[in-house]
Amino acid sequence: MQSPNSPVEKSLSSSSELAFAKFFQRRGEAVGIGVLLLMAVYFLWDSWRKWPDPIVDFGQQCYVVWRVSQGALLYHDFVWSYGPASVFFNATLFQIFGPGIMVLVAANLIIYAAFAVLVYLAFRKAWGKLGAWAALAFFLSIFSFLHLLAVGNYNYATPYSSESTHGMLLILVAVLITAKWCREPSTKLTFALGLCGGMAAVIKPEFMLAAGALGAAGLALRFAQKKPVTVAEFFLLALGVVLPTLFFTVWFARRESWALAITDACQAWLVIFVGHIQSESGQQLSLSGFDHAGTNAWHEISAGAVALLLLAALWSVGWLFNRRRRTIALLISFGAIGFLDSVMKNNRWFSVGKCLPLLITVAFVWMLIRLRREIRDEKRPRESTVMGFLLVLLAGTMLARMPLYARVYHLGFFQAALAGMVVAAMMVSELSHLTGEGWRGRMLTTSLAGLVLASYCVAFAKTSHAIRADQTEPVGEGRDRFYSTSRTIDGTGAVVNWAVEQLRAVPADATVLVLPEGTMINYLSRHRTVEPGWMRGDHEVELLRQMRLKHPDFVVLISRNLEEFGKGRFGTPGNFGYDIWKWVQDNYVVAASLGADPLAEDGHTGATILRQR
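Residues numbered from 1 in each chain as written. Predicted model: local features only at pLDDT ≥ 70, side-chain atom pairs only at ≥ 80, totals over all residues. Heavy atoms only, no water.

Draft legend 1. Expanded view of the overall build of the chain. Helix and strand content of the chain: 22 helices and 6 strands. Whereas a compact globule of 613 residues would reach a radius of gyration of roughly 25 Å, the chain reaches 27 Å, a difference of no more than 12%. For the chain, the spread of C-alpha atoms along the three principal axes comes to 100 × 60 × 45 Å. Classification of the 613 residues of the chain by burial places 56% in the buried group. A separation of at least 24 residues holds for 73% of the contacts in the chain among residues at least 6 apart in sequence. Of the accessible surface of the chain, which amounts to about 26,600 Å², a share of 63% is contributed by carbon and sulfur atoms. One finds the centroid of the 55 positive side-chain charges in the chain at a distance of 12 Å from the centroid of its 43 negative side-chain charges. (Helix = DSSP H or I, 4+ residues; strand = E, 2+ residues; numbered from the N terminus. Rg over C-alpha atoms; globule rule 2.2 N^0.38 Å. Buried < 20%, exposed > 50% of the residue type's maximum accessible area, 1.4 Å probe, protein only. Contact = heavy atoms within 4.5 Å. Areas by Shrake-Rupley, 256 points an atom, 1.4 Å probe, with all protein chains shown as cover. Lys, Arg positive; Asp, Glu negative; His and termini not counted. Charge placed at Lys NZ, Arg CZ, Asp CG, Glu CD.)

Draft legend 2. Just helix H7 (residues 205-224), in detail. The terminal C-alpha atoms of H7, which comprises 20 residues, lie 28 Å apart, in line with the 28 Å expected from a rise of 1.5 Å per residue. Within H7, burial applies to Pro205, Glu206, Phe207, Ala210, Ala211, Ala213, Leu214, Gly215, Ala217, Gly218, Leu221 and Arg222. Within two residues after H7, Lys226 carries a phi angle of roughly 60 degrees, on the positive side. (Expected span 1.5 Å × (residues − 1).)

Draft legend 3. View of the pattern of salt bridges. Counting across every chain of the model gives 14 salt bridges. A salt bridge links Glu29 to Lys129; its shortest N-O distance comes to 3.9 Å. With Glu29 in helix H1 (residues 7-47) and Lys129 in helix H4 (residues 101-144), this residue pair connects regions lying 100 residues apart in the sequence. Look at Lys129 and you get partly exposed, because its relative accessible area is 28%. Here Arg487 ties to Glu473 by a salt bridge, and the two come within 2.7 Å at their closest N and O atoms. Highlighted residues: Arg487 in the loop between strand S2 (482-484) and helix H19 (492-503) and Glu473 in strand S1 (residues 473-475), separated in sequence by 14 residues. Accessibility expressed as a relative area gives 53% for Arg487, which makes it exposed. When salt bridges that share partners are traced, they join Glu29, Arg124 and Lys129 into one network. (Salt bridge = Lys/Arg side-chain N within 4 Å of Asp/Glu carboxyl O.)

Draft legend 4. Representation of the packing of aromatic side chains. For the structure on display, the rule yields 37 aromatic pairs. An angle of 80 degrees between the planes, with centres 6.4 Å apart, marks the rings of Tyr160 and Phe413 as edge-to-face. Taken together, the residues Tyr160 in the loop between H4 and helix H5 (162-181) and Phe413 in helix H16 (residues 412-415) connect sequence positions 253 residues apart. Judged by its relative accessible area of 8%, Tyr160 is buried. Taken together through their ring pairs, the aromatic side chains of Tyr112, Phe115, Phe138, Phe139, Phe143, Phe145, Tyr154, Tyr156, Tyr160, Phe207, Phe413 and Phe414 make up a single cluster. Lying over the aromatic face of Trp251, Arg254 brings its terminal NZ or CZ to 3.8 Å of the ring centre. Sitting over the face of the ring of Tyr523, Arg526 holds its NZ or CZ atom 4.3 Å from the ring centroid. (Phe/Tyr/Trp six-rings, centres within 6.5 Å; stacked < 30°, edge-to-face > 60°. Lys NZ or Arg CZ within 6 Å of the ring centre and 35° of its normal.)

Draft legend 5. Region of the structure containing the packing of H5 against helix H15 (residues 383-398). Following both chains from N to C, one finds H5 and H15 inclined at 150 degrees, their axes separated by 10 Å at the closest point. Crossing geometry of H5 relative to H15 is assigned as right-handed. Across the interface between the two elements, Met168, Ile171, Val175, Leu176, Thr178 and Ala179 from H5 touch Val386, Met387, Leu390, Leu391, Leu394 and Met398 from H15. Along the lines of polarity and charge, the residues of the contact of H5 with H15 split into 11 nonpolar, 1 polar and no charged. (Axes fitted to C-alpha atoms, helices over the stretch in contact; angles between N-to-C directions. Left-handed = near helix turned anticlockwise from the far one by under 90°. Nonpolar A, V, L, I, M, F, W, Y, C, P; charged D, E, K, R; others polar.)

Draft legend 6. Here's a closer look at helix H9 (residues 258-265). Residues Ala261, Asp264 and Ala265 constitute the buried set of H9. Relative to the axis of H9, the buried residues are bounded by an arc of 95 degrees and lie together on one face. (Arc of directions from axis to C-beta.)

Draft legend 7. The nonpolar core, seen in detail. Counting residues in hydrophobic clusters, the biggest one holds 178 residues, and the most contacted among them are Leu74, Phe123, Met168 and Leu418. With 28 residues, the top contributor of residues to this core is H4. In contact with Leu418, other than residues within four places in its own chain, are Phe123, Met168, Ile171, Leu172, Leu394, Ala395 and Met398. One finds Leu513, Trp583, Val584 and Tyr588 within the second-largest nonpolar core, a separate group that totals 18 residues. (Core = buried A, V, L, I, M, F, W, Y, C linked by side-chain atoms within 4.5 Å.)

Geometric values such as these leave the question of function open.
This is the structure in structure tokens:
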């Protein structure tokens, strides 16, 4: 009998591993990409035309884009919280193809496809084919098109802000450019990197931070390799950064003063310094987790510690299996599976995002140590290490907007997406390589890691599917058609559609104000409002002044829960909008109504249309 470490067994083990690797080199990747495509088709099919919310956020996106396509002046004819780039891009689409929700969906899906391709290429460079497959499968299953909350819009088809999808594509381009530029100096790449930073400055603050972190990392890597940046490169970098802002300044200056034009071109980041309008209600503190900083920090640390213990268990299984301690390995495997089953049964899977900050911190330290070692020993880091380091850095900077309230749902669909993908890739690729040279132990660790990821993906997908199944209420028509929750569960979609149908008979030049919120009605009926976006702050006095000044022809009062803004029922005594509603009663009469009283606090939905006396 051959000994456990005999040359014959070693040869057989090497041959098996070689044959296994050759199979995946030849056919495995193609099969894997095919599976990813099928997954994308399924999630699109399951969510088709069920992406937007009938009241919150996306209606304002459509309305603003439609008005800008007609010549309205951004930041002056209405409030807008982000940079001008995405609005003008979408407005151009409306000018070319005509207005329509599906026009925006088509553009967003093309951007999404490009992003997915770049994700695969970047993660493949960092963690190989299997790591890239796991990262993209995790992204498709959890972050792309799911509906996990009462409000939709947190997806890549009809996002709460188009800036989020545009920015995600931009920073992936920036990652690929930075990874190449820090190893191979180039004036073209230098300008392209600067241009990515400049575009981020006219989109959204998160992406400015991400682009800035990538640029700083690229410069640091250049100096670490003794490849200093030349004066010409610094000039081209700066030129790329300022060009987008300069372009929009000139664009705005056609219709306003240069001082206002510069201010408008810089709106993406100026809002941070002048005070975010949502912060007045404390919403930003809540979204970032700083409303209960100590408690939230402890929850994230404990969740991260549990996740690290689970990863340690997965690693130890493969490590022990490779050292012939298979009984202990199997016992640990059963324990890990049992723990995961307990988590799923107790519905704690929904809070999986809480572990991401600690895991990304550990991953960053791990990649930084590897990077420094390679620069010290080989004078030049490997491409895979550089790409992995940049992706981990990028994931961390995107999590910075939710440091104490990390989540994969809500805004996590883009702010936590890269962190989730990094963890998934490292679980199936990095972890197995630490188990030793035996391919069986590696396969066992990889399989268990895949099982953990798959269980979460299935749980999220099942929850979303159950919600999607109830979305049968049609809203809008033609290219604006989408489906909301059935009226037997939530009548919001039904009353929105009713209001739109009623307003179709109103002259096109009539103004319609929806209270307390609902510019989707304005967009679908193609009627202007007096000042959308007011709900993002406590500007009741300003809105009342606007109403008295512009006197909208029609007012639509619709049921809307304002708890997320820290407010009670709109228009009721002692709550937000009471003075506004009194003014409306004095100057308007009821023209039509449907359902329950919109001011009632019984939870039933309804809408009332009022016209001037």
